[in-house]
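Report on the structure
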Amino acid sequence: MSAKQTHAFQTEVSQLLDLMIHSLYSNKEIFLRELISNASDAIDKLKFESLTNSALLEGRQDLQIYIEVDKKAGTISVTDNGVGMSEAEVNKNIGTIANSGTRKFLKNLDEKQVQDSNLIGQFGVGFYSAFIVADKVTLITRKAGIKGKKGTKWVSTGKGKYSVESVDCPDFGTTVTLHIKKDEKEFLDDYRLRSIVSKYSDHITVPIMMLKPAENDKEIEYESINKANAFWAQDKKTLKQKDYDEFYKSLTYDFEAPLTQLHNRVEGNLNYTSLLFIPTKAPFDMYEPKRKGGIKLYAKRVFIMEDNEKLMPLYLRFIKGIIDTADLPLNISREILQSNKVVDAIRKASVSRILKALEKMAKNKPEQYASFWREFGVVMKEGIVEDFANKDKIAKLLRFATNQSPDSSQNVTLEDYVKNMKKDQKTIYYITAETYEAAKGSPHLEIFNQKGIEVLLLSDRVDEWLVGNFTEYEGVPLKSIAKGELEYLDSKEDKKAKEKTAKDFEKVIEEVGKILTKQVKSVKISKRLSQSPSCLVADENEMGGNMERIMKSLGQDVPETKPILEINPAHPLVKKLKTKVDEDLVKVLFDQAVLSEGGQLKEPAEFVKRMNKLIG
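This section reports on the structure supplied with the text. (Residues numbered from 1 in each chain as written. Predicted model: local features only at pLDDT ≥ 70, side-chain atom pairs only at ≥ 80, totals over all residues. Heavy atoms only, no water.)

Remarks on the overall build of the protein chain
Convention followed: Here a strand is any run of E in DSSP of at least two residues, a helix any run of H or I of at least four, and the numbering for each starts at the N terminus. Note on classification: 1.4 Å probe, protein chains only; a residue is buried when its accessible area is under 20% of the maximum for its type, exposed when over 50%, partly exposed between these limits. For this analysis, residues touch if any pair of their heavy atoms sits within 4.5 Å. Accessible surface area values rest on a Shrake-Rupley calculation with a 1.4 Å probe, where residue burial reflects the displayed protein chains alone.
Regarding its fold elements, the protein chain presents 22 helices and 22 strands. Out of the 616 residues in the protein chain, the part that is buried amounts to 51%. Pairs at least 24 apart in sequence give 72% of the contacts found in the protein chain among residues at least 6 apart. Carbon and sulfur atoms provide 49% of the accessible area of the protein chain, an area that totals close to 30900 Å².

A word on the pattern of salt bridges
For the record, the criterion: Any Lys or Arg side-chain nitrogen located within 4 Å of an Asp or Glu carboxyl oxygen qualifies as a salt bridge.
Using the criterion set out here, one finds 32 salt bridges in the structure. As a salt-bridge pair, Asp 584 and Lys 613 come within 2.9 Å of each other at their nearest N and O atoms. Taken together, the positions of Asp 584 in helix H21 (residues 583-596) and Lys 613 in helix H22 (residues 604-615) put the pair 29 residues apart, joining distant regions of the chain.

Some points on the nonpolar core
Defined as follows: Each nonpolar core is a collection of buried residues, namely Ala, Val, Leu, Ile, Met, Phe, Trp, Tyr and Cys, held together in the definition by side-chain atoms within 4.5 Å.
Formed by 70 residues in total, the largest nonpolar core has its most connected members in Phe 318, Phe 372 and Met 380. Counting residues per element, this core draws most heavily on helix H10 (residues 341-364), which supplies nine residues. For Met 380, the residues in contact, after removing those within four places along its chain, are Tyr 315, Leu 316, Phe 318, Leu 355, Leu 358, Phe 372, Trp 373, Ile 394 and Leu 397.

Considering the sheet that holds strand E15 (residues 401-402)
Sheet strands line up and pair through hydrogen bonds in the backbone, either parallel or antiparallel. Inclusion rule: Two strands form a pair only when DSSP identifies at least two bridges running between them.
Pairing in this open sheet of five strands is mixed, and the strands run E15-E17-E16-E19-E18 from one edge to the other. What marks the edges here is a single partner per strand, and that holds for E15 and strand E18 (472-473).

Let's talk about the sheet that holds strand E21 (residues 534-537)
For clarity, the cut-off: Helix axes are fitted to C-alpha atoms over the stretch in contact, other axes to C-alpha atoms as well, and angles between N-to-C directions run from 0 to 180 degrees.
Spatially, three strands are ordered E20-E22-E21 in an open sheet, and the strand pairing comes out mixed. For this open sheet the edge positions go to strand E20 (522-525) and E21, each flanked by a neighbour on one side alone. In this sheet, adjacent strand axes meet at a mean angle of 30° when their direction is disregarded. In the sheet, E21 pairs with strand E22 (residues 564-567) via four bridges, with the strands oriented antiparallel. Bridge assignment links Ser 534 to a residue of E22, and that residue is Ile 567.

Thoughts on the environment of Ala 230
Mapping Ala 230 onto the fold places it in the loop between strand E9 (222-224) and helix H8 (241-252). As for Ala 230 and His 203, which are separated by 27 residues in sequence, their C-alpha atoms are 6.6 Å apart. Ignoring any residue separated from it by four or fewer positions in sequence, one finds Ala 230 in contact with Thr 205 and Arg 301.

Quick look at the packing of H21 against H22
Counted only if it meets this: Oblique is the label for any angle not covered by the other classes, which are roughly parallel (under 35 degrees), roughly antiparallel (over 145) and roughly perpendicular (65 to 115). Two helices that cross are described as forming a left-handed crossing if the nearer one is turned anticlockwise from the farther one by less than a right angle, and a right-handed crossing if clockwise. When residues are grouped by polarity, Ala, Val, Leu, Ile, Met, Phe, Trp, Tyr, Cys and Pro land in nonpolar, Asp, Glu, Lys and Arg in charged, and all others, Gly among them, in polar.
Interhelical geometry of H21 versus H22 gives an angle of 125° and a closest axis separation of 10 Å. The angle between the axes of H21 and H22 places the two elements in the oblique class. H22 is crossed by H21, and the crossing has left-handed handedness. Residue-level inspection shows Asp 584, Leu 585, Lys 587, Val 588, Asp 591, Gln 592 and Leu 595 of H21 in contact with H22, the latter providing Phe 607, Arg 610, Met 611, Lys 613 and Leu 614. When the residues that make up the contact of H21 with H22 are grouped by side-chain class, the tally is six nonpolar, one polar and five charged.

Examining the packing of H10 against helix H11 (residues 366-386)
Interhelical geometry of H10 versus H11 gives an angle of 135° and a closest axis separation of 8 Å. It follows from the interaxial angle that H10 and H11 lie oblique. Crossing of H10 against H11: the hand is left-handed. For the pair H10 and H11, the contacting residues are Leu 355, Leu 358, Met 361, Ala 362, Lys 363 and Asn 364 in the first and Pro 366, Gln 368, Tyr 369, Phe 372 and Met 380 in the second. Of the residues that constitute the contact of H10 with H11, the class distribution is eight nonpolar, two polar and one charged.

Remarks on the packing of aromatic side chains
For clarity, the cut-off: Only Phe, Tyr and Trp rings take part, Trp by its six-membered ring, and two of them pair if their centres are within 6.5 Å. Stacked means planes under 30 degrees apart, edge-to-face means over 60, and tilted covers everything else.
Applying the stated criterion across every chain, the model contains 19 aromatic pairs. Between Phe 9 and Trp 154, the aromatic rings sit 6.2 Å apart at their centres with planes inclined by 55°, giving tilted as the arrangement. In this pair, Phe 9 sits in the loop between strand E1 (5-8) and helix H1 (11-22) while Trp 154 sits in strand E5 (residues 150-156), placing the two residues 145 residues apart along the sequence. Neither Phe 9 nor Trp 154 differs from the other in exposure class; each is buried.

Some thoughts on the pairing of strand E3 (residues 75-80)
Of all the six residues making up E3, five are buried; the element is thus mostly covered by neighbouring parts of the structure. Where strand E2 (residues 65-70) and E3 come together, six bridges link them in antiparallel fashion. Within E3, the residue paired with Glu 68 across the bridge is Ser 77. The hairpin formed by E2 and E3 contains four residues between the paired strands, and Gly 74 there has a positive phi angle of roughly 70°.

Notes on unusual backbone geometry
Not every positive phi belongs to a glycine, and Lys 149 is a case in point at roughly 55°. Along the chain, the position of Lys 149 falls in the loop between strand E4 (134-142) and E5. Phi angles above zero are rare outside glycine, and Glu 474 is one such case at about 50°. In this structure, Glu 474 sits in the loop between E18 and strand E19 (476-480). Take Glu 474: its relative accessible area is 59%, and that puts it in the exposed class.

Let's talk about the environment of Glu 499
Here Glu 499 lies in helix H17 (residues 492-504). Classification of Glu 499 by relative accessible area gives partly exposed; the value is 46%. Put simply, Glu 499 and Ile 525 are 26 residues apart on the chain and 9.0 Å apart in space, counted from C-alpha to C-alpha.

No statement about biological role is implied by the geometric values presented.
Structure (structure tokens):
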């Protein structure tokens, strides 16, 4: 049996506890919901593991949660006979926060002045909410199946340190005992606790037991204080929105109600019930590679597994909910799920249902859809690449900012764009850049702004992959304004005038090309520019500058390509080249073109010297 050891909380946990104790949770009663949800999850996991190893139950069948109050000691205990934890799991799960997204969020909390409502829900660290009402928390746990009845005791006052030691533990499961603060004694009242359970945890499918009021002190009898039925199995006609909201919060640990939910019962070739939620806010760890999904799979109301990637595609990873089917055996493994036709059919139907719901929201509740897009638009764009079968449906849901938008808000649909195209326009034009500001200020836009032609401004990182896999919308091709030739923009008169100008600059172009032979593929008179002196253009089938920078930032080897330099013959700096092709001026024009598209100069000091020389 290991001796008692004292450890310091991870910095992020100390920060989290300090926020909880001193500033978070105006609604303190929520601590009980968090502990009950954790207990319920532990029991669900044990039920699933016991399907293939019944010895884990140690002969017990009554898997329940117990809430006990000791008014004399001033404690509340929440006990479950779930899967429990080993000492290694206690050290891993309590005292540290593994999620890097949580750390980033906590680091910026003071700056953002984030309110208390979302923190716990976003990261599932609800155990720590116990310190809102307790000045000391004791946890005793034993993992089911561990030989020798060896358990682990964890104790902390929430002030920077915690202790861990081995103890004798006859029963598997976990008991969390809260030593209630003097000014939080209201929570030692049985009726108060029952009302909290009724409010937040009535839907928990595990019986939540409390001592039944007895006529004499000798009689000890427990009673279930929650309905303990599967919420999703209820008739949705009998459920109100507040019922869905509370179930969602207990399921996800979120503090905000969902944006909407989809509750369906399917009978026929397949038999299953799905209750899927679209959250109001995106989780802070949505882009973390190791982030888990949010769908729990049940078979005949018995929990099987959670976060299975087969139940929902990656681009819909923000969806939360339950899928319960009668068509899967209780002992199904994760490996079997990977190629299971039932799961594939349920996933296909669920995705279709979500996309239809979003389409309906966009049509009937545009403000609600705008809110959804602000939170989840970037990951929805991933669907164009990931979900070929639904590419057309997803395309209708996409929203963009354009050069004609008043700000960076993405609210223009592709349908809107096509409807507003110029009479002879045959292409949907776009430009990609690292930021909205860079896209909005790109010199490539000058001719389009001049002619009043709308251009999609794409500045989300996923946009490069989006346009790489999405070449047309309802027969109208998409084209980058920073690649290849621009057709159909000039009238016959404009075209003749530009051809004449190009001839006048033939010698200039030849000389500039010689000076920049190592940097550019060719030099051309620009059809894009009206104000800037120069810009860089990629060949039609080559990687653009923005994509090249993204790939390099990801550590990818990028094949070396040379851009095309376009110069504006109407600009004073370019006109100077007609008199003399000055090498310093030529290189400044090239460097300016690199900077204007968001690139970095290889020799910034040389650029400064040349600029100073020209100005002087």
